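Spelled out, the chains give:
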Amino acid sequence: MGAHNEPRESNSQRLRGRVARSRSIGTKLTPAEENQILAAAEADGKALSEWARDLLLRGANSTNRGEMELHIFTELVGIQMLLMSTLEPLLRGDKLTQEQLAMLFRRVQTSKAAQAQELLARRSQNREK
């Protein structure tokens with residue numbers, strides 16, 4: 001006898017500790033869009049439904065990622081500000097006092113977010129032109 005007589009796996013065995021998926025989301029695609037999506041799923045070595053699910057979940061989480069990327073960008077701007085303010089005097093042979101360094105750190109901490117926003121705004125304006 002063939003595979004028809006083999007015992008079926010129960011639903012709980014197939015879940016392997018994960019919560020059952022009970023919702024579906026549908027959309028309509030043109031034939032060209034469908035081909036593009038099928039090719040992308042195949043290139044990732046995933047079934048279309050798993051590929052689409054992963055992509056949807058990444059999109060849903062992108063808000064948090066965007067906030068983290070802005071935070072990282074702001075910290076990079078702060079590092080740039082600190083380097084630009086300290087390297088030039090040090091390369092000239094000047095020394096920074098502890099007070100000057102503390103003041104510089106405070107200035108960077110209080111202005112890095114505004115500087116990062118300004119850079120992003122300028123970049124956005126340049127794209128629109």
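All chains use their own residue numbering, which begins from 1 and follows the written sequence. With the structure being a predicted model, the display of local features is reserved for residues of pLDDT at least 70 and the display and counting of side-chain atom pairs for 80 or more, all residues being used for whole-chain, interface and lining totals. Water and hydrogen atoms were dropped before computing side-chain values, which therefore reflect all heavy atoms in the structure.

### Digging into the nonpolar core
- We call a set of buried residues a nonpolar core when its members are Ala, Val, Leu, Ile, Met, Phe, Trp, Tyr or Cys and they connect through side-chain atoms within 4.5 Å of each other. The cut-offs for exposure are 20% and 50% of the maximum accessible area for each residue type, with area from a 1.4 Å probe on protein chains only; residues under the lower value are buried, those over the upper are exposed, and the others partly exposed. Judged by nonpolar contacts, Val77, Met81, Leu104, Val108 and Ala116 together constitute the single largest core of 5 residues.
- Runs of E in the DSSP output that reach at least two residues are strands. Runs of H or I that reach at least four are helices, and both are numbered from the N terminus. Breaking this core down by element, the ones donating at least two residues are α3 (48–91) and α4 (98–128).
- Per-element accounting of this core gives the leading share, 3 residues, to α4.
- Every residue in contact with Val77, bar those within four places of it in the chain, is listed here: Lys112, Gln115, Ala116 and Leu119. We call two residues in contact whenever any of their non-hydrogen atoms come within 4.5 Å of each other.

### Thoughts on helix α2 (residues 31–43)
- The span one expects for a helix is its residue count, reduced by one, times 1.5 Å. Helix length check: α2 (13 residues) gives 18 Å between terminal C-alpha atoms against 18 Å at 1.5 Å per residue, within 8%.
- In the stretch just after α2, Gly45 is the one whose phi turns positive, near 70°.

### Comments concerning α4
- Here α4 contains 31 residues, and its C-alpha end-to-end distance of 44 Å stays within 8% of the 45 Å for a straight helix at 1.5 Å per residue.
- Bend is computed residue by residue as the angle between axes fitted to the seven residues ending at the residue and the seven residues starting at it. Its axis deflected by about 45° at Ser111, α4 carries its strongest bend there.
- Among all positions of α4, only Leu104, Val108, Lys112 and Ala116 are buried.

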